Amino acid sequence: MPLTVLVTGATGRTGSIVVKKLLQQPEKFSVRGFVRSPAKATELFGDDLPVFVGDIREPETLKPALEGCDALVILTSAIPQMQGMGESGRPQMGFPSDEMPEAIDYHGQVNQIDAAKAAGVDHIVLVGSMGGTDKNHMLNSIGNGNILIWKRKAEQYLIDSGIDYTIIHAGGLQDQPGGRRELLVGDNDQLLKHPPDGVPTSLPRADVAELVVQALQQPAARNKGFDVISKPEDVSAKVTSDFAALFEGTTPGL
Ligand code: NAP
């Protein structure tokens, strides 16, 4: 039987790659998307994807989407927007007042975890961000949103929920092809603070999406949280293909 998987943030830049990868393997996965814009979903996936329209701030919209699901992939996030020019003449970034990180990255994720638990979902794969150990991280200052703090709080809620989890703290996301680099995993932001020589603290969105797909299948990815970046293509000694070994090198907790 294929694994029934709900992807939230399915119309996002990483979420849509995850959906496309899952749709390519119908023998393994029966995929659904949770979206707030059905038009955007049609533009991205045509009629291929069963979609549930809702908003993660409204728990009742999550319930039907999760009914009968084995796994949930959380790829939602508050999205910073330009809010005019600051005094310095530089663009000011912020969040719409009803889409602050506390509402989206904390309460919205808690709503998803609670709804998944109620539906009997067995595994949640959550994509978050590196930098969560540093409350003074630059991303926290955007729109006074404390985005990494709220994301981390939701991740702890997931761990405490008792559902099997895989928490992926991605480095800076690039819109580049996947499957061409060596991935490096770590924890506690060590890769961010002390990246190996010549390795930027980033990786392609497509590689994160492949990690999500692999995490859904590999037992060694269960109950693990880890940071991930990639070596640039030209210095990758080998392309990561043994995901079981990669997950074996990760540890439980945040
Ligand atoms: P993204 O393109 O910004 O997508 C975010 C998704 O969340 C969108 O699909 C959006 O829906 C959805 N969403 C937002 N509010 C929602 C709501 N109230 N109800 C339902 N859906 C909602 O994401 P990304 O850039 O691929 O990033 C994926 C993850 O990686 C995020 O957690 C991000 O913080 C993290 N990350 C990002 C970076 C980076 O360099 N940008 C680095 C490390 C980690 P719409 O499609 O309708 O807008």
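Above this text is the structure in question.
From a predicted model like this one, the values you see are computed outputs, not experimental measurements. (Residues numbered from 1 in each chain as written. Predicted model: local features only at pLDDT ≥ 70, side-chain atom pairs only at ≥ 80, totals over all residues. Heavy atoms only, no water.)

**Q** Hey, could you go over the site of the ligand for me, with residue numbers and the actual values?
**A** Taken together, 24 residues form the shell around the ligand, and within it Thr11, Arg13, Thr14, Lys40 and Arg205 come nearest. Thr11 is positioned with one of its side-chain polar atoms (N or O) 2.6 Å from an oxygen atom of the ligand. Compared with its free state, where it exposes 930 Å², the ligand has 87% of that area covered by protein. Among the detected pockets, the ligand sits in the largest pocket. When contributions to the shell around the ligand are tallied by element, the ones reaching two or more residues are β7 (123–129) and β9 (172–174). Here the residues of the shell around the ligand are counted per class, giving seven nonpolar, 10 polar and seven charged. (Near = heavy atom within 4 Å. Polar contact = N/O pair within 3.5 Å; in protein donor to acceptor, adjacent residues only side chain to side chain. Areas by Shrake-Rupley, 256 points an atom, 1.4 Å probe, with all protein chains shown as cover. 1 Å grid on protein atoms, 1.4 Å probe; cavity = no way out; pocket = protein on both sides within 12 Å on 5 of 7 lines; lining within 4 Å. Sits in = over half its atoms within 2 Å of the grid points. Helix = DSSP H or I, 4+ residues; strand = E, 2+ residues; numbered from the N terminus. Nonpolar A, V, L, I, M, F, W, Y, C, P; charged D, E, K, R; others polar.)

**Q** Account for the packing of helix α4 (residues 101–119) against helix α6 (residues 147–161), naming residues and giving values.
**A** At a minimum axis separation of 8 Å, α4 and α6 run at an interaxial angle of 15°. The orientation of α4 relative to α6 falls into the category roughly parallel. Once α4 is placed against α6, the crossing between them reads as right-handed. Residue-level inspection shows Pro101, Glu102, Asp105, Tyr106, Gln109, Val110, Ile113, Asp114 and Lys117 of α4 in contact with α6, the latter providing Ile147, Trp150, Lys151, Lys153, Ala154, Tyr157, Leu158 and Ser161. Across the contact of α4 with α6, the residue classes tally to nine nonpolar, two polar and six charged. (Axes fitted to C-alpha atoms, helices over the stretch in contact; angles between N-to-C directions. Parallel < 35°, antiparallel > 145°, perpendicular 65-115°, else oblique. Left-handed = near helix turned anticlockwise from the far one by under 90°. Contact = heavy atoms within 4.5 Å.)

**Q** How would you sum up the layout of surface pockets? Please name residues and give values.
**A** Rolling a probe over the atoms, with the probe sized like a water molecule, indicates the empty space that remains. Taken as a whole, the largest pocket spans an internal volume of roughly 1,200 Å³. In this structure, the largest pocket is lined by 43 residues; those nearest its centre are Arg13, Ser77, Ala78, Ile79 and Lys151. Of all the secondary structure elements, the ones that give two or more residues to the lining of the largest pocket are β2 (29–35), β7, α6 and β9. By residue class, the composition of the lining of the largest pocket is 19 nonpolar, 16 polar and eight charged. (Points joined across faces, edges and corners; volume = space filled by probe spheres on them.)

**Q** Describe in detail helix α8 (residues 205–215), supporting the description with residues and values.
**A** In terms of burial, α8 is a largely internal element, 10 of the 11 residues being buried. Buried within α8 we find Arg205, Ala206, Asp207, Val208, Ala209, Leu211, Val212, Val213, Gln214 and Ala215. (Buried < 20%, exposed > 50% of the residue type's maximum accessible area, 1.4 Å probe, protein only.)

**Q** Any details on the side chain of Thr4? Residues and values, ideally.
**A** Tracing the backbone shows Thr4 in strand β1 (residues 3–8). Leaving out residues up to four positions away in the same chain, Thr4 has contacts with Ser30, Arg32, Gly68, Cys69, Asp70 and Ala71.

**Q** Got a sec to walk through the pattern of salt bridges? Specific residues and values, please.
**A** Across all of its chains, the model carries 11 salt bridges by this definition. A salt bridge links Lys151 to Asp105; the shortest N-O distance between them is 2.9 Å. Here Lys151 is found in helix α6, whereas its partner Asp105 is found in helix α4, with 46 residues between them in sequence. Arg222 is the partner of Asp122 in a salt bridge, and the nearest nitrogen-oxygen pair spans 3.0 Å. Taken together, the residues Asp122 in the loop between α4 and β7 and Arg222 in the loop between α8 and β12 (224–230) connect sequence positions 100 residues apart. The exposure class assigned to Asp122 is partly exposed, which follows from its relative accessible area of 41%. In this structure Arg222 comes out as partly exposed when scored by relative accessible area, which is 24%. Among the charged side chains, a network of salt bridges with common partners joins Asp55, Arg57 and Asp98. (Salt bridge = Lys/Arg side-chain N within 4 Å of Asp/Glu carboxyl O.)

**Q** Could you give an account of the packing of aromatic side chains, with specific residues and numbers?
**A** By the definition in use, this model includes two aromatic pairs. Positioned above the aromatic ring of Tyr106 is the side chain of Lys153, whose terminal nitrogen or guanidinium carbon lies 4.8 Å from the ring centre. (Phe/Tyr/Trp six-rings, centres within 6.5 Å; stacked < 30°, edge-to-face > 60°. Lys NZ or Arg CZ within 6 Å of the ring centre and 35° of its normal.)

Shape is all these values report; function is a separate question.
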